[in-house]
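For reference, the chains in residue letters:
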Amino acid sequence: MTAACFADLGHRVVVRDIQPERIRLLQSGEIPFFEPGLGDLISKNKDRLTFTLDVQEAVSGAEVVYVCVDTPPMASGDADLSRVWAVIDALKDATHLAAVVVKSTVPVGTGERVRAALDGAGLSHVGYAANPEFTAEGKAVADFLGPDRVVVGTADAATAALVRELHEGVDGPVEVMDVPSAEMVKLASNALLATKISFINEIATVCEATGADIEEVAKAIGMDHRLGPHFLKAGLGYGGSCFPKDSRALSALASNSGYPFQLLNAVIQVNELQPRRAIQRLKSVLGTFKGSRIALLGLTFKPGTDDMREAPSGIIAARLLAEGAQVRCWDPLARLADVEPWASTTRHSSPMEAVTGADAVIVVTEWPEVKAIDWAAAGSVMRRAVCFDGRNLLDPQELAAAGFTYMGVGRATQTPA
Ligand code: UGA
């Protein structure tokens, strides 16, 4: 994505990946994952884009190297930086480079270690910058080309000017700062967004206990310009490849320096509880899951993506199976590996097929196809008309009128009208 956007800004970009299948697909004009607009951007700029497995081919003619590898969590919660170091090690002879820029999300302090490694390899004349990514899946191209801000962390003015120049044509301000601060902006931004989500999910729980409606509450909270309307949607918790990993990494970073980041730890705990609470609440209506059939509508961590990483659907399916339910699934894009819990579930090609014969339906991802379901028709083919709306996607009154027992997150349970 970074490569396609830089190519669109007029730069020549060589993309190197270690996975042969990915490179083969990209060379044949296909993209190996779902991202709206990316395929078009690649074909529009194909003359400026090259794909290779060979690191030296990528580096030899380059002026700047962007490090965009993933930094997955290790068992300890710390980010695994082995892929970042593998790239840095491959640059030992790249004396011709003007700069190395790290886009990967890394713990604060990583840039200073990379700088020392470059210096140790005789590359002290090569600039270094942190340039963290703030793009969300599903709108990554628009986020890159029209960002709220571009953050550049560097210790030298020449590298700052170079990275600024690379972004010429991008519609957003460029903020230049020192390297550790840029690294922290990334982790803290994601942690604050995660905090908003866990906060609204806890308010939702209190709403359930007190008779308030989270949708009314969140809407009016968001009208305060100091708070803003974004990331106040109560639901089954945040998933994806970023918030869960980055919040744990920031918590580990704080703990490593002797400071327990209590607020962030609570945010993480609330998020982990959220899908389990949903199961408990549904169980209180069904009595038991033993022998029941439950339909999950939507599996990906959010709509508009095929990404299943840290999706709450995984915990929900595993809990249901452990409690003795049969799990039936529908999702338009999810890439499901043939592993548990998915190996023990059945996948259906339409929402209606998935709900047929079910005792309850759980809305896990707010796909438009789920909103468009004819709920009266769905209720008539289900064994019991029970709906747990994990994203507050549906109209409670409409579901009650269609004969459903309806439960949402932070709103009153409706019984059939
Ligand atoms: C997130 C950030 O939004 C990007 O700014 C950031 O660059 C990216 O992580 C990253 O670090 O690379 P992304 O993971 O694609 O992007 O997804 P979001 O749209 O932020 O949603 C994350 C999760 O939060 C989803 O599971 C979503 O359902 C959940 N969410 C979001 C809520 O439960 N409520 C909300 O109000 C908003």
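Keep in mind that what you see is a predicted model, and the values were worked out from it rather than measured. (Residues numbered from 1 in each chain as written. Predicted model: local features only at pLDDT ≥ 70, side-chain atom pairs only at ≥ 80, totals over all residues. Heavy atoms only, no water.)

Caption draft 1: Focus on the site of the ligand. The local shell around the ligand holds 19 residues, among which Glu137, Lys186, Asn190, Cys242 and Phe301 are the closest. Here an oxygen atom of the ligand and a backbone polar atom of Glu133 are 3.5 Å apart. Bound to the protein, the ligand loses 89% of the 720 Å² it would expose on its own. Partitioning the shell around the ligand into residue classes produces nine nonpolar, three polar and seven charged. Each of two domains, domain 1 (2-177) and domain 2 (213-417), supplies a minimum of three residues to the shell around the ligand. (Near = heavy atom within 4 Å. Polar contact = N/O pair within 3.5 Å; in protein donor to acceptor, adjacent residues only side chain to side chain. Areas by Shrake-Rupley, 256 points an atom, 1.4 Å probe, with all protein chains shown as cover. Nonpolar A, V, L, I, M, F, W, Y, C, P; charged D, E, K, R; others polar. Domains from an automatic or database assignment.)

Caption draft 2: Region of interest: the domain arrangement of the protein chain. By the assigned domains, the protein chain splits into domain 1 (2-177) and domain 2 (213-417). It is Phe34, Pro73 and Glu137 that lose the most area in domain 1 upon contact with domain 2, and together they represent 48% of the buried surface on that side. Where domain 1 touches domain 2, the interface holds one salt bridge. For Arg309, the salt bridge is made with Glu137, and the minimal N-O distance between the two is 3.8 Å. In this structure, the connection of domain 1 to domain 2 is made through five residue pairs in polar contact (both at pLDDT 80 or more). Among the residues forming the side of domain 1 that touches domain 2, the class breakdown is eight nonpolar, four polar and two charged. (Buried area = accessible area lost by both parts, 1.4 Å probe. Salt bridge = Lys/Arg side-chain N within 4 Å of Asp/Glu carboxyl O.)

Caption draft 3: Empty space enclosed by the protein, seen in detail. Inspection of every chain in the model, using the stated rule, returns three cavities of 30 Å³ or more. Each pocket or cavity is described by its volume, and for the largest cavity that value is around 60 Å³. Around the largest cavity, the lining residues are Val102, Lys103, Ser104, Thr105, Val106, Ala130, Asn131, Pro132, Glu183 and Lys186. In the lining of the largest cavity, the residues fall into four nonpolar, three polar and three charged. (1 Å grid on protein atoms, 1.4 Å probe; cavity = no way out; pocket = protein on both sides within 12 Å on 5 of 7 lines; lining within 4 Å. Points joined across faces, edges and corners; volume = space filled by probe spheres on them.)

Caption draft 4: The side chain of Glu35, seen in detail. Structurally, Glu35 is set in the loop between α2 (20-27) and α3 (38-44). Of the side chains with opposite charge, Lys302 lies nearest to the buried Glu35, which makes no salt bridge, at 7.4 Å. Beyond its immediate stretch of four places on either side in the chain, Glu35 contacts Ala136, Glu137, Gly138, Lys139 and Ala140. (Helix = DSSP H or I, 4+ residues; strand = E, 2+ residues; numbered from the N terminus. Buried < 20%, exposed > 50% of the residue type's maximum accessible area, 1.4 Å probe, protein only. Lys, Arg positive; Asp, Glu negative; His and termini not counted. Contact = heavy atoms within 4.5 Å.)

Caption draft 5: Main features of the packing of helix α9 (residues 179-210) against helix α11 (residues 243-256). Where α9 contacts α11, the axes come no closer than 9 Å and their chain directions differ by 115°. In terms of orientation, α9 lies roughly perpendicular with respect to α11. Seen from above, α9 lies across α11 with left-handed handedness. Every residue of α11 that contacts α9 at Met184, Lys186, Leu187, Ala188, Asn190, Ala191, Leu193 and Ile197 is listed here: Phe243, Asp246, Leu250 and Leu253. Grouping the amino acids of the contact of α9 with α11 by side-chain chemistry returns nine nonpolar, one polar and two charged. (Axes fitted to C-alpha atoms, helices over the stretch in contact; angles between N-to-C directions. Parallel < 35°, antiparallel > 145°, perpendicular 65-115°, else oblique. Left-handed = near helix turned anticlockwise from the far one by under 90°.)

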